[in-house]
Amino acid sequence: MTAPQITKVLNPPLISDSVEDFNVKAFQTVSDLNPMMSEANAVATYINTKAGEVADNVATAAGAAAAANTATTKAAEAAASALAADASKTAAAASATSASGSASTATTQATAAGNSATAAAGSATTASTAKTAAETAATNAGNSASTASTKATEAGTAATAAGNSATAAAGSATSANTAKTAAETARDDAQTARTQAQTAATNAGTSATNAANSAAAAAQSAADAEAIATGDLLANTAPEALGTSAVGTSSRAARADHVHLMPTAAQVGAVPAAHAGAGGAAHANATTSVDGFMSSADKTKLNGVASGATANATDSQLRDRSTHTGTQTISSVSGLQTALDSKAAVGSTAGANLGVASAGTETTASRSDHVHELPTAAEVGAAPSAHVGAGGTAHANATTSVDGFMSSADKTKLNGIASNATANASNAELRDRSTHTGTQAQSTVTNLTTDLAARVNRQDSYATVTSGVINLGLETELYHITVSGNVTVSVSNAPTTSRVVKRLIVQYSSGVVTWPASFKLPTPMPTFAAGKAYVFSIEQSPNSGVYFLVPGPEYTYP
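Residues numbered from 1 in each chain as written. Predicted model: local features only at pLDDT ≥ 70, side-chain atom pairs only at ≥ 80, totals over all residues. Heavy atoms only, no water.

*Asks:* Whenever I open this one, the overall build of the protein confuses me. Can you help?
*Replies:* Regarding its fold elements, the protein presents eight helices and 12 strands. Residues counted as buried form 22% of the 558 residues belonging to the protein. Contacts spanning at least 24 positions in sequence make up 68% of the contacts within the protein whose residues lie at least 6 apart. Element-wise, carbon and sulfur atoms account for 55% of the exposed surface of the protein, whose accessible area totals about 34,500 Å². (Helix = DSSP H or I, 4+ residues; strand = E, 2+ residues; numbered from the N terminus. Buried < 20%, exposed > 50% of the residue type's maximum accessible area, 1.4 Å probe, protein only. Contact = heavy atoms within 4.5 Å. Areas by Shrake-Rupley, 256 points an atom, 1.4 Å probe, with all protein chains shown as cover.)

*Asks:* Mind showing me how you'd approach the sheet that holds strand β8 (residues 500–510) here?
*Replies:* Think of a sheet as strands paired side by side through backbone hydrogen bonds, with each pair either parallel or antiparallel. Across the sheet, six strands lie side by side as β3-β5-β8-β11-β12-β10; this open sheet has mixed pairing. Since the sheet does not close on itself, it has two edges, and those belong to β3 (463–464) and β10 (519–520), each with one partner. Strand direction decides the pairing type here: strand β5 (residues 478–484) and β8, joined by seven bridges, are parallel. In the strand pairing of β8, Ser-484 is matched with Ser-510. (Pairing = 2+ DSSP bridges.)

*Asks:* I keep staring at the side chain of Glu-539 and nothing clicks. Help me out?
*Replies:* When you line up the elements, Glu-539 lands in strand β11 (residues 532–540). In this structure the side chain of Glu-539 is engaged in a polar contact, spanning 2.6 Å, whose partner is the side chain of Asn-23. Residues contacting Glu-539, with those up to four places away along its chain left out, are Val-19, Asn-23, Arg-499, Val-500, Val-501, Val-546, Tyr-547 and Phe-548. (Polar contact = N/O pair within 3.5 Å; in protein donor to acceptor, adjacent residues only side chain to side chain.)

*Asks:* When you look at the pattern of salt bridges in this model, what are you seeing that I'm missing?
*Replies:* Charged atoms that come close allow side chains of opposite charge to pair. Applying the stated criterion across every chain, the model contains three salt bridges. A salt bridge links Asp-298 to Lys-411; its shortest N-O distance comes to 2.3 Å. Residue Asp-298 is located in helix α3 (residues 296–303), and its partner Lys-411 is located in helix α6 (residues 408–415); the two are separated by 113 residues in the primary sequence. Taking relative accessible area as the criterion, Asp-298 reaches 9% and is therefore assigned buried. Residue classification places Lys-411 among the buried positions, given a relative accessible area of 9%. The partner of Arg-499 in a salt bridge is Glu-539, and the shortest N-O contact between them spans 3.9 Å. With Arg-499 in the loop between β7 (490–492) and β8 and Glu-539 in strand β11, this pair connects stretches of sequence that are 40 residues apart. Exposure remark for Arg-499: the relative accessible area of 36% places this residue in the partly exposed category. (Salt bridge = Lys/Arg side-chain N within 4 Å of Asp/Glu carboxyl O.)

The following block contains the structure:
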């Protein structure tokens, strides 16, 4: 039986996907979950079946081992029987030898008896006195002959019995050898069976391990699939500290607004920002062409300049918008952001800078190749490690927020300011738009003209759908359709250069609503009930011809 496979591979939506691709992937992912779970269940069933077969193989192996032990015992008993048969054979051979000796003795005695009878007969004719003795001797000789004959018969009987015993012993020996050979064969077969049983047990253990691994993998795949469906693949722990670049081993994704811990000065190869040299001639003074320390003369001159001093223009000129240059941000124009928020717009956010370690709260994942802004030496509480007691580029220049060396540009600027110069107005007064005079064109506000031109006015009113046709070319976001009989829905005038996002209210009384084939309907689709109103979202990518019908709330229509 071939092991079943999990062929369904989920393609979950990504934060980088467009809205239409995100919806398509989300819809497909949800649709693929059920068949994938069915395949996972089939794998689990297969694993359970194989586990049962492994248990059966282990039991069979145990039986084979027991049979091998029994065969070894029987072989030992057969060997003992063979030894006993050899002993019986030896005893039978000894009995046969003894019987043969008895037969030879009886024959010798018979010959002697015959000679005595002949001698007695000769003596009878010669001496009558010896007749009685001869008759007595003859009688005795006859008795001896009878006894010898009896003994000869007994010896023959014994020889026959000995021969039979020898034959039986030889048969026993042959049977013993046959039994020994069979026992040895059984022993070898038992040893082979034992080896096969051990191999089967080892294979069974390997199969059980593989089955357990497959079950664990299937369970993990099912858990990952469920995690993807429920959105649990985002980490809730602080990210790793900065260090050597590594791919990582976690199966969870970092949140888009996660923050790594700020490194120390030593970790980035820098010296503390508190590093400072001595005054006087320890460092070269700045010139108009070379960076360096501020001289005492420059410091005296700078102390005589009012904070925020400006030159070459009067207050009225600085406040007159007709003389302003450059652009300004949207947030600096009162009410502009609110006006833009009333338009349909899609925004984006930049990644977080390094700081205190945090898991973040966003529900979207960062791209695997995302990059955080590299911190400056000042941000990590350090000064450049190349800091030495010299002018030029060896030290960072001062900024409006961080102490540092005076740049040659600042030196030139300082030389161009008259001694004891005063400011025409404070920063707060110059920044206060209530004191500004004149007007400014829309073109002087960054992207204002293009942003307004790219937006469409929102419509609070809705368009009534006639005969089931949704005219997507109307400048409205809300459509209303009353269903009091069978209605076939269709769309017309779909824009080809912009994305469609509309809302549709279905007021239902009776009948059947037939949606066009180009609509991707939700699962499950709401069941319309009389007296109810249903809210749907209709979304379409530019000129794709595919619409996603997303259900919203339902309520009783007044």
